[in-house]
Every structure is written in C-alpha cells, then in structure tokens.
Amino acid sequence: MTKQPNPISDEQLLALIAEGDKQAFSLLMKHYLPAVINFSLRYFPQRSDAEDIAQETFTRLWCKAPVWQDKGISVKAWLFRVAYNQSIDQLRKQKPEYLADYDENIIDEAAFIERMMDIDSRLSIQRVALENLPERQRTAIALCAIKGFSNSEAAIVMGTSVDALESLMARGRRTLKKMVSLAMEQQKIERGVVNDIC
Amino acid sequence: MISVDRAKRIIQSYGGRLQAWPESERQDVTQLLLDSKSLTDLQQQALVVDDFIGIAEPKVEDILDQQCAERILAKLPEQQRKIHPIAMQFLPLKSLFSEKFATATPVLLVAVLVMSVLGLSNGLLLNESTDNGRYLTMSEYMTVYVEDSYMSDEENISINDEQLEILAFIEPQIISDNY
C-alpha cells in the first residue's frame, strides 16, 4: 500500500463517502491508513493495537460522513485527532499510571540507559528515546517533525493552542538532546570496553 | 520582521530544518540566521536532534496495511443518516419549505419568546395600579383576576363549587377570600 498523491481532494472524497461510495472510502484509506497506523504505533508496541485504533478511526469516518459538518477541520486533522483520542483512552484503560501527572521536565536517565543497553541498532535507540518522552511532547514532535503537520493542524489534533504546542515541542526536543548526549556517551563507554578487551 | 527571541523559539520548537518552520515566519528566520552566530549554533544543535528524530519513523509494511484496509472495509457498519422532521416528509414542496424553515425557525422561536415576555409584562402592567403601583405576586394576581372576572363586573355571575375547587387547587388564598 504505497502512498500516492490523491488526484481527488479529501473533501470531494468525503462527499462521495457520504453517498455510501466504498471505492472513495478505500481511496481515502489508502492515503491515510499507513500514517494513522504508524501514529498509533507510537503509543502501542503491538501492531494489532494500532490497527484496532485505525479501524475504529476509519469506521467512525465512514459512519459520520453523511452528517459531516465543515467546522474548519481538515479530514486529515480529524482522522489524527480521533486516532489520538482513541489511543489515549486505550492507554488509560491499559495502564493508567502511564498518563498520570508527573513533572514532564524530569527524564528517567537511568531507565533510558538501561533500555538502551539492551538494544543494538541505532533505529531502536531513537525509538526508545521517543518512547521515553512524556506523551504530549512525543505526540507534538511526532505530528510536526515526523508527520509533516503544520503547527495549526497539529494544535487541532491535540486540542491545544499553537503556543502550547510550541512549548511542548521545545521541551520534548530539549529532552531528546539530553538523550542524544547520553546515547553518545554510552556508545563511547561501550567502545572503550571493547578496546580494553581487545 | 520577527525578533531574535522568536527565531530562537522557532528553532527550539520546530528544529533546524527550514521546511519545518512555520511558513509565515520562514523567511524572517532565514534572514536572521545570516546575521546571528548564536542562532546558527542553535540551528546546528537542532539539526543533530532532527537527525535523531528523523530515522525513528517505523517502516510501513505495505502488505499488513492492505490486510488491515480489507478488514476495515469488510466490517463497515451502516452510515448515519441526516434526520429530517417527519412533517416535512409529507409536504409536496418539501425542499422549498425545508429551505425556508431552515432560516425561519430561529426567527419564529425568538418571536414566540418576545410575545410571551410582552404578554406577561402587559399582564403585570395592567395589575400595577391594583396595589399602589406595586407589582402583584402570582397568588395576589390570581385572586384579583377571579374577583375582576367573576365578581366585580357581573355581580349576577357567581362561581360555582366546581370552579372554585379548581381555582382553590391553584391557589389556597382564593378559598379564604371566598369563604
């Protein structure tokens, strides 16, 4: 399922979906399903959980299409907002402590290093680092830096203001910067150990 | 032109890549970068984090997405439908009426509300003089209303027991006035 540019706009597709056109729905899904699944994978390690979120999101779009009201939210932002809310609800059910209030500026460095030592590829280090970020910081970064959302679109998805979104991203990036340094230090130590052994 | 502080904030929030910055401020940040060493350093640091974030995107597995799409399509429920007022269904010029009523409904509601308020205020004004300009309470108004309607103007009409019982049910004060 390769993402291709949509010749028909999302709004036109939505109008067709409202008439019960499954082909139009399939086209819209082809365009956004991989992104929605990937987005949900940031909250759940299991792909099946992310697929459940995507299924619920697209089914909701299908049901709502005939009564859709244009409130200035794009279809893309609406889809991600639903997926985001669903993911958070699901997380609350699965592990309430995960979303409990805590100081977002404190990162558990020891836990990060411990997890980092168990993994070998660079890609995994990045994923662990992102997973270690507080939920809202991670979502803000994922939407803007990875999914290419504009700041106003990302703010709509997260139900917040652009100002607050920028704060979340700045704090998230600051934390990631610390993690980059930690990862580099760790790699240096590991290299040193290997050299000593050799 | 944005301030240097704002440019810093943009780089700290959105990262070091020009494409990531808000479109409306992109040109200003680029301009400021040419003149500021501290901003350039900040951008370099941000680019390291960008690189760190950039490769964190998990790979999309096309075949799995396809299967998921098929599953979603196979389980699609009934779509929600717009509910039209039942009366409209029977009107021969439904669309014309729908259109007119769609805009007229709030006007009608406001009109009914205004009429109610005017009616009530008129009733109160009529009764204003009955007690030295003081507005009557609802119970006093009921008593005066009964007296005015049934006793003062037409003395030959009297309230029968049944009427009185009904009125008494509404306001106990009427009983004491009539017995």
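Residues numbered from 1 in each chain as written. Chains lettered and ligands numbered in written order. Predicted model: local features only at pLDDT ≥ 70, side-chain atom pairs only at ≥ 80, totals over all residues.

All right, on to the overall build of chain A then. Scanning chain A from N- to C-terminus turns up nine helices and zero strands. The order of helices and strands in chain A, counted from the N terminus, is α-α-α-α-α-α-α-α-α. Looking at chain A residue by residue over its 198 residues, the buried ones come to 35%. For chain A, restricting intrachain contacts to residue pairs at least 6 apart in sequence, the fraction spanning at least 24 positions comes to 63%. (Helix = DSSP H or I, 4+ residues; strand = E, 2+ residues; numbered from the N terminus. Buried ≥ 20, exposed ≤ 12 C-beta atoms within 10 Å, placed from the backbone. Contact = placed C-beta atoms within 7 Å.)

Our focus in this paragraph is the overall build of chain B. Check the secondary structure of chain B and you find nine helices and zero strands. In sequence order, the secondary structure elements of chain B are arranged as α-α-α-α-α-α-α-α-α. Counting every position in chain B, which comprises 179 residues, the buried fraction comes to 13%. Within chain B, residue pairs in contact and separated by at least 24 positions form 48% of the contacts whose partners lie at least 6 positions apart.

Residue and element names in this part refer to chain B. Per-residue confidence for chain B gives a mean pLDDT of 73; residues scoring 70 or more make up 53%. Within chain B, the lowest mean pLDDT, 52, falls on helix α9 (residues 172–178), and the highest, 94, falls on helix α1 (residues 4–14). Interface scoring of the predicted complex returns ipTM 0.71; its pTM is 0.60. (pLDDT = per-residue confidence, 0-100.)

A few words now on the packing of helix α3 (residues 47–64) of chain A against helix α4 (residues 75–94) of chain A. Residue and element names in this part refer to chain A. Taken N-terminus to C-terminus, the directions of α3 and α4 make an angle of 135°; their axes are 9 Å apart at the nearest point. Regarding the angle of α3 to α4, the classification is oblique. Of the two elements, α3 crosses α4, and the hand of that crossing is right-handed. Of α4, the residues touching α3 (which contributes Ile53, Ala54, Glu56, Thr57, Arg60 and Leu61) are Leu79, Val82, Ala83, Gln86, Ser87 and Gln90. Its residues assigned to classes, the contact of α3 with α4 shows six nonpolar, four polar and two charged. (Axes fitted to C-alpha atoms, helices over the stretch in contact; angles between N-to-C directions. Parallel < 35°, antiparallel > 145°, perpendicular 65-115°, else oblique. Left-handed = near helix turned anticlockwise from the far one by under 90°. Nonpolar A, V, L, I, M, F, W, Y, C, P; charged D, E, K, R; others polar.)

What follows deals with helix α7 (residues 135–146) of chain A. Residues and elements named next belong to chain A. Taking 1.5 Å as the rise per residue, α7 with 12 residues should run 16 Å; its terminal C-alpha atoms sit 15 Å apart, in good agreement. Taken as a whole, α7 has its buried residues at Arg136, Gln137, Arg138, Thr139, Ala140, Ile141, Ala142, Leu143, Cys144 and Ala145. Of the residues flanking the end of α7, it is Gly148, one or two places downstream, whose phi is positive at about 70°. (Expected span 1.5 Å × (residues − 1).)

In terms of nonpolar packing, the biggest core is built from 60 residues, with A:Val36, A:Ala54, A:Ala83, A:Ala140, A:Cys144 and A:Ala154 touching the most fellow members. For this core, the element with the most residues is helix α2 (residues 22–41) of chain A, which contributes 10 residues. Those residues in contact with A:Ala54, other than ones at most four positions away along the chain, are A:Leu33, A:Val36, A:Ile37, A:Ser40, A:Ala83 and B:Cys68. (Core = buried A, V, L, I, M, F, W, Y, C linked by C-beta atoms within 7 Å.)

This brings us to the interface of chain A and chain B. Opposite the 41 residues of chain A that make contact, chain B presents 32 residues. Looking at the side of chain A that touches chain B, the elements with two or more residues in it are α2, α3, α6 (122–132), α7 and α9 (162–197) of chain A. Here the residues of the side of chain A that touches chain B are counted per class, giving 24 nonpolar, eight polar and nine charged.

Two elements in contact, α3(A) and helix α4 (residues 62–74) of chain B, have axes separated by 10 Å at closest approach and are oriented at 45°. It follows that α3(A) is oblique to α4(B) by the angle criterion. By crossing handedness, the relation of α3(A) to α4(B) is classed as right-handed. Contacts between α3(A) and α4(B) involve A:Arg47, A:Glu51, A:Ala54, A:Gln55, A:Phe58 and A:Thr59 from the former and B:Leu64, B:Cys68, B:Arg71 and B:Ile72 from the latter. Per-class residue counts for the contact of α3(A) with α4(B) are five nonpolar, two polar and three charged.

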